[in-house]
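Structure assessment
The lines below spell out each chain.
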Amino acid sequence: MTTTPPPRTPLGSLPPREHLRLGQSATVLDVVIPVHNEERDLEPCVRRLREHLARTFPYRFRITIADNASTDRTPDVAARLDEALDEVTAVRLEQKGRGRALRTVWSLSEAPVLAYMDVDLSTDLNALLPLVAPLISGHSDLAIGSRLSRSARVVRGPKREFVSRMYNLILRGSLAARFSDAQCGFKAIRGDVAERLLPMVEDTGWFFDTELLVLAERAGLRIHEVPVDWIDDPQSTVHIVRTAADDLKGVWRVGRALATGGVPLDRLVRPFGDDPRDRELTGVPGGLARQLVGFCAVGGLSTLLYLALFSLFRLGAGAQLANAAALLVSALANTAANRRLTFGVRGRDRAVRHQAQGLVVFAVGLVLTSGSLAALDAAGGTASHGTELAVLVAANLAATVLRFLLFRAWVFPDRERRDDLTAAPHPSHDRNDLTRNDLTRSAR
């Protein structure tokens, strides 16, 4: 059977979420089961999953067995299930890797909702419909099962419990991840999101899930979490130490890519608000509240940096020279931070121009602060260092308001930020117009 991949959509920002138009798709849900040497568990898993979906899922579905280079009888079992059950499809890959299997099958699927689960069915299947429902309704972009939620019920050994919780603590501390469980083998994603997100994910093994979730979260996509009932499989063949080492390498790689702006997350941006009334409003500045919060945070840190530098430079120079040097250094740092964090401009394009414009804004601040110092000096007498700092703080507050207005209207205008979103280079898709004919399928 040949499946033609769905047509590609433009690579601009994602459209607003909306309820899936299910009548336009023959198959609504595609559940992938990645396997490697699972001849014993595969058939009971597939038959149990099919029976559950046929009984509880109100739309058409497909179960895809993704065989990762198995060397036992798994390909034969998969082929037999493919032949016997209309809702089951078997795909054979000649290379190992759960991430590789998911990327391959998800990239070629025409279903608007894509999911996967481990072959051991450790997760209670009653969580499957709650997992995919927010994706069908348009509420969320991805959904994950969580064994670490308070209302989850989990049975597993202390070693795996410790490793899982430590790994998620590492993710929170290093990548600022807010989702609770990266490793649970029970996840789903909307097809339009997968089309954009999958080419960005480099890992082909167990870290695939984590990288997918971190990039989605950083792009502002909505991740729905479902507490699950989960029973550990004592026969699991996952090598904990080797997997943990590979995961830590992945954390370092993803963290470095995010820090350097090497991932084009702008292609995953969705508009704020899905109500058509939100999109019909005109003349309302976009993201003003968020920008004010970001600008104030950056400004507070910049002010602390400025005061520390002024106090340092003041030890060996006059007040005017120390003020100018401290303001110059803090202004460069302030412009760079606001460019990325407050106004969301990524990449190196126009970075030099932005810094040049930021120096003009710096000159305005220099005039205000230097004028304040000059006025203090003209008032007569020798002002204390504390008085100088108080005057500079007041002058900086006035300069800050003007700096925000200039940044928003001149240095980083809305139109330029939109241009950055639509013109950012995107890596080519891994799909390359493949169809399922390009895969070696299980022999029937």
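Now for a description of the structure that goes with this document. Computed from a predicted model, the values in this text were never measured in an experiment.

**Examining the packing of aromatic side chains**
Applying the stated criterion to the full structure yields six aromatic pairs. Both rings, one in Phe57 and one in Tyr59, keep their centres 5.7 Å apart while their planes meet at 75 degrees; by these two values the pair is edge-to-face. For Phe57, a relative accessible area of 9% puts it in the buried group. Grouping aromatic residues by their ring pairs yields a cluster made of Trp106, Tyr116 and Phe208. We note Arg147 situated over the ring of Trp230; from NZ or CZ to the ring centre the distance is 4.8 Å.

**Observations concerning the pattern of salt bridges**
In total, this model carries 17 salt bridges according to the counting rule given. In this structure, the salt-bridge partner of Glu87 is Arg50, at a minimum N-O distance of 2.7 Å. Here Arg50 lies in helix 1 (residues 42-56) and Glu87 lies in the loop between helix 2 (74-84) and strand 3 (88-93), a separation of 37 residues in the sequence. Taking relative accessible area as the criterion, Glu87 reaches 23% and is therefore assigned partly exposed. Residue class for Arg50 comes out partly exposed when judged on its relative accessible area of 28%. Of the charged contacts in the structure, one is a salt bridge between Arg147 and Asp181, with a shortest N-O distance of 2.8 Å. Taken together, the residues Arg147 in the loop between strand 5 (142-146) and strand 6 (153-155) and Asp181 in the loop between helix 5 (158-175) and strand 7 (186-190) connect sequence positions 34 residues apart. We note that Arg147, like Asp181, is buried. One network of salt bridges, with partners in common, ties together Arg98, Asp118, Lys187 and Asp209.

**Thoughts on a positive patch on the surface**
On the surface, a cluster of positive charge is made up of Arg178, Arg218, Arg340 and Arg346. By the secondary structure assignment, Arg340 is in helix 11 (residues 319-342). Note on Arg340: relative accessible area 31%, which makes it partly exposed.

**So, helix 2**
If you check which residues of helix 2 are buried, you get Thr74, Pro75, Val77, Ala78, Ala79, Leu81 and Asp82. On its buried face, helix 2 is in contact with strand 1 (29-35), helix 1, strand 2 (61-68) and strand 3.

What counts, and where the lines are drawn
Residues numbered from 1 in each chain as written. Predicted model: local features only at pLDDT ≥ 70, side-chain atom pairs only at ≥ 80, totals over all residues. Heavy atoms only, no water. Phe/Tyr/Trp six-rings, centres within 6.5 Å; stacked < 30°, edge-to-face > 60°. Buried < 20%, exposed > 50% of the residue type's maximum accessible area, 1.4 Å probe, protein only. Lys NZ or Arg CZ within 6 Å of the ring centre and 35° of its normal. Salt bridge = Lys/Arg side-chain N within 4 Å of Asp/Glu carboxyl O. Helix = DSSP H or I, 4+ residues; strand = E, 2+ residues; numbered from the N terminus. Patch = residues over 30% accessible without salt bridge, like charges linked within 9 Å, V, L, I, M, F, W, Y side chains within 5 Å. Areas by Shrake-Rupley, 256 points an atom, 1.4 Å probe, with all protein chains shown as cover. Lys, Arg positive; Asp, Glu negative; His and termini not counted. Charge placed at Lys NZ, Arg CZ, Asp CG, Glu CD. Contact = heavy atoms within 4.5 Å.

This is a description of form; function is not addressed.
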